[in-house]
Amino acid sequence: MLKSTALTILLILILFNQSDGQVVRVKSEANEWLTFPWTGGFDACQFGKMELNNDGRHDLLVFDRRGNRLSAFINAGTNGEMAWDFAPEMLADFPQLFDWVVFADYNDDGFQDIFTYSPGWAGIKVYKNTGSFPPSFDLVVFPYLTSLQGGGYINLLSTNADYPAIYDVDQDGDLDILNFWSLGSYIELHRNQSVEKYGHADSLDFKKTDFCWGRVAENEENNLLYLDSCLYNKSIATTLDGFRHRGATMLMHDFDNNGLPDLVLADVDYPGLTLLLNGGTVEEAFVIQQDTLFPSAFPVRLSSMPVAAFIDVNNDGNDDLLVSPFDPNPLVTENQQSIWLYLNEGSNQMPDFQLATKKFLQQETIDLGSGAYPVFEDVDGDGLKDIVSGNYGRYLRSWYSANTLHSEYESKLVYYRQVVTNNVSSFQLITNNFANLSTLQMKGFVPTFADFNNDGIKDMLVGSENGKLIYLTQGSQGEWMMESDFFSGIDVGNWSAPQLFDLNEDGVTDLIIGSQNGKIAYYRGISNENQINFDFVTEYLGGINVTDFNLSYDGYSVPCLFYDKQGDLRLVSGSEQGKLFLFDQIRGNLNGNFREVADWQTLLNETVTDIDVGMRSSAAIGELLNDGKLQMLAGNFSGGFQLFNGDADVAPAIMENYVVDFVLDPNPANNQVLLHLKGNQSEIATLQIINMQGKRLKSIEFKDQISLDVSQLKSGVYLFMLTVAEKRGIKKFVKY
């Protein structure tokens, strides 16, 4: 769940076919190509704008707190056009973010800086943008921002359940901060003293100047707001039920064009936004009206605790409204229609927000709701591996009981069929309710396939949140029939993640099962006439426990056994924390401890020692594309897939390859760029220019050096791949 910046892979999630370098594409059930299928999905997101590629236009950053995943999108639209290119390579030098982030230029240098939650401190740490492209950052405030309160500077409190407003509230040229009082009810204003003290905005020197901004108070038990109410109620600090402020989100903007900042507010466990209109003065805010049905044309009702951002999405010069859940609890929020986009049909001075979609970005990527647990299986018997995946569940509805939010989810299996056209693989979504398992109204489906009744047709076991296994057989026409919802009396406790695999290599399929406790159980398969029976061997296979007790008491192991290209038996397991654990030394060692390794370079051409794909990760590894290479499809709790390919034409990482070294000068460039080979290179070199969608745009042969006309390239990031005598070098090039 929490990633190490030094070890976490930053992926270019593009998978190339062996024969011609084409990106593996995916069609929706409506037979439409997805623009960026392999993003990993989106769940509870926050948004920011930042120039990433030095083209003079703002690009889009999307931070999903489910796994602390940051995604980047390059603005590829013209005036009035909404077009975004997925560009994870832009994130190479971003710091690790936690729980929430605000992108704001605090030092007035024209570059967006980063304010983010400081874990363990209930505060805010700050990174300064260095002004490079792609962006890089220096940590300037740690462990937390302070504010002068009473007799000294203390932590400017902000929890992981609060999204503060960072805005020039007093209009003096530096950024101030609004947050809730630690005991709730009142909004505090912390004014930045940078301009007053130093004459410029580049300091972060705060002072609490108002304990009740706007003279508004929030009910301590629900989301009701009281206007003109700043009387200090001593009982708030001594409530019998131990009440403390539980969380809120804030967005500031002058929505009524009266020259004063208004506030959009949301509260934990509630689905709406409330607009508080400020009718006071610059020095003293006074909320005169609240609109609990904001925006008025189609009010937000998004479970739970929506957070809003004001960003121009369609390049018309007017900032639009993006809304997504913020609730820290991943089991109460909407997950498939969880990014609402309101286009601004008015102006920035007088916005008119009209709902355009509830699935911004999500409609162009694979998103199964919450959770994604894929396996490779030839479902239709055509000799090509297809993808079948379970999930935790798709959001259905929410309700309140005793002032507590509850939400209902329903798990399904999805089936993507592989199609090969002109030697290029693609995938088509055939059904999002494979085997009709939604009728069981359960959560946490994890499928696995094998023929263990010896009829020549694959059977299916499906794990679920109750720790038991569902057994289904397949008829001659491909129909699935449920035989048992408690297969062989097996129960691993909470959460079962099975795999059918001949672990002891005796020719009989065995059963291994991951579970919430982070361990892996092993059941040995015993052939009995036309049926395989499973005998329990151990609940602690290989001594594996993927639980990180510094983060959680749960592990959520999701095992996948496979053979690498050398024929060695390997195991990869997902985890609650998001890390994918890789093990070897399995053959002949079933009673011992497996060895954890990190040789992703050998396995999948990933030159890192850790792969973290987001909380509650999973992975399937095998020859998905029948190209003699291993592919890995990784899932996470945001409901999406990330696709890794060994020995790909373009390495799926931002790390540049210097086997063949060369210089691009200048870089970035607009019209001409000189490419010069380093060293004594007398052989013919082949240059390929590839965009970030994986499309090969140009192929050129030359010796020593070449001057390239790049004026016809669209602004953005490209890969220059150079091949000399079967050796290769890859570098990023930025066209502005």
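The structure displayed is predicted, hence computed values, not measured ones.

A.B. asks: I tried to follow the sheet that holds strand β3 (residues 59–64) on my own but got confused; where do I start?
C.D. replies: Two modes of strand pairing occur in sheets, parallel and antiparallel, and in both the strands are linked by backbone hydrogen bonds. Strand order in this open sheet of 4 strands is β2-β3-β4-β5, and the pairing throughout is antiparallel. Here the strands that pair on one side only, and so sit at the sheet edges, are β2 (45–50) and β5 (84–86). The average angle at which neighbouring strand axes cross in this sheet is 30°, direction not considered. Where strand β4 (residues 69–75) and β5 come together, 3 bridges link them in antiparallel fashion. From the neighbouring strand, I74 faces β5, where its bridge partner is D85.

A.B. asks: Please clarify how the nonpolar core should be interpreted in this entry.
C.D. replies: Nonpolar side chains in soluble globular proteins tend to be buried together. Core analysis: the largest hydrophobic core is formed by 22 residues, its most contacted members being W100, F115, I124, V126, L145 and L204. Secondary-structure elements contributing two or more residues to this core are β6 (101–104), β7 (113–118) and β8 (123–129). Those residues within four positions of V126 in sequence are excluded, and the remaining contacts are Y106, I114, F115, D138, L139, V140, V141, L145 and L204.

A.B. asks: Explain the domain arrangement of the chain to me, please; I cannot follow it from the model alone.
C.D. replies: Accessible area lost upon the coming together of the parts is a frequently used measure of interface size. In terms of domain boundaries, the chain breaks down into domain 1 (42–232 + 242–364), domain 2 (370–649) and domain 3 (662–735). Averaged C-alpha coordinates put domain 2 and domain 3 at centres separated by 41 Å.

A.B. asks: I would appreciate a short explanation of the packing of aromatic side chains in the present structure.
C.D. replies: Ring pairs (aromatic) are described by centroid distance and by the angle formed between their planes. Considering all chains together, one arrives at 38 aromatic pairs under this definition. By way of ring pairs, the aromatic residues F36, F42, F73 and F86 are connected into one cluster. Just above the ring of W33 sits the side chain of R25; from NZ or CZ to the centre is 4.2 Å. The lysine or arginine in question, K731, covers the ring of F662, its NZ or CZ lying 5.3 Å from the ring centre.

A.B. asks: Would you mind going over the confidence of the model for the chain with me for this structure?
C.D. replies: When pLDDT is low, close inspection of the predicted coordinates is not appropriate. The predicted model of the chain averages 89 in pLDDT, with 92% of residues at 70 or higher. Below pLDDT 50 for its whole length, residues 1–21 participates in 92 contacts with residues either more than four positions away or in separate chains.

A.B. asks: In this structure, what is going on with the pattern of salt bridges? I would like to understand it.
C.D. replies: Pairing between side chains of opposite charge can happen when their charged atoms approach one another. In the structure shown here, the tally under the stated rule is 20 salt bridges. The partner of R215 in a salt bridge is D228, and the shortest N-O contact between them spans 2.8 Å. Within this pair, whereas R215 is found in the loop between β16 (206–210) and β17 (216–218), its partner D228 is found in the loop between β18 (225–227) and β19 (248–253), the two being separated by 13 residues in sequence. On the accessibility criterion, R215 (32% relative accessible area) is partly exposed.

A.B. asks: What is the right way to look at unusual backbone geometry in this model?
C.D. replies: Apart from glycine, the bulk of residues carry a negative phi angle, and the bulk of peptide bonds sit in the trans form. Note that the residue after F294, namely P295, is joined by a cis bond; omega there is -10°. Along the chain, the position of P295 falls in the loop between β22 (287–294) and β23 (306–311). Of note, the bond from S303 into S304 is cis; its omega dihedral lies within 30 degrees of zero at 0°. In this structure, D228 is a non-glycine residue whose phi angle is positive, near 50°.

A.B. asks: Help me understand the state of the cysteines, please; the structure alone is not making it clear to me.
C.D. replies: When the sulfur atoms of two cysteines share a covalent bond, that bond is a disulfide. Throughout the structure, instances matching the rule amount to 1 disulfide. A sulfur-sulfur distance of 1.8 Å marks the disulfide that ties C212 to C230. Note on the C212 and C230 pair: the S-S dihedral is about -80°, so by sign convention the disulfide is left-handed. Placement of the pair is C212 in the loop between β16 and β17 and C230 in the loop between β18 and β19, with a sequence separation of 18 residues. Considered together, C212 and C230 belong to a single accessibility category, that of buried residues.

A.B. asks: Would you mind going over the side chain of Q688 with me for this structure?
C.D. replies: Looking at where Q688 falls in the secondary structure, it is placed in strand β51 (residues 685–691). Using a relative accessible area of 12% as the deciding quantity, one classes Q688 as buried. Q688 has contacts with R696, K698, S699, L719, F720 and M721, leaving out every residue within four places of it along the chain.

A.B. asks: Help me understand the environment of G199, please; the structure alone is not making it clear to me.
C.D. replies: Structurally, the position occupied by G199 is in the loop between α1 (194–198) and β16. The exposure class of G199 is exposed, given its relative accessible area of 61%. Sequence separation between G199 and G173 is 26 residues; the distance between their C-alpha atoms is 9.7 Å.

A.B. asks: Can you walk me through the sheet that holds β23 in this structure?
C.D. replies: Reading across the sheet, the 4 strands line up as β23-β24-β25-β26 and stay open at both edges, with antiparallel pairing between neighbours. At either margin of the open sheet sits one strand with a lone partner, and together these are β23 and β26 (353–357). Here the average twist between neighbouring strands, direction ignored, is 25°. In this sheet, β26 lies alongside strand β25 (residues 340–344) in antiparallel orientation, the contact comprising 4 bridges.

The rules we used
- Residues numbered from 1 in each chain as written.
- Predicted model: local features only at pLDDT ≥ 70, side-chain atom pairs only at ≥ 80, totals over all residues.
- Heavy atoms only, no water.
- Pairing = 2+ DSSP bridges.
- Helix = DSSP H or I, 4+ residues; strand = E, 2+ residues; numbered from the N terminus.
- Axes fitted to C-alpha atoms, helices over the stretch in contact; angles between N-to-C directions.
- Core = buried A, V, L, I, M, F, W, Y, C linked by side-chain atoms within 4.5 Å.
- Buried < 20%, exposed > 50% of the residue type's maximum accessible area, 1.4 Å probe, protein only.
- Contact = heavy atoms within 4.5 Å.
- Domains from an automatic or database assignment.
- Phe/Tyr/Trp six-rings, centres within 6.5 Å; stacked < 30°, edge-to-face > 60°.
- Lys NZ or Arg CZ within 6 Å of the ring centre and 35° of its normal.
- pLDDT = per-residue confidence, 0-100.
- Salt bridge = Lys/Arg side-chain N within 4 Å of Asp/Glu carboxyl O.
- Disulfide = S-S within 2.5 Å.

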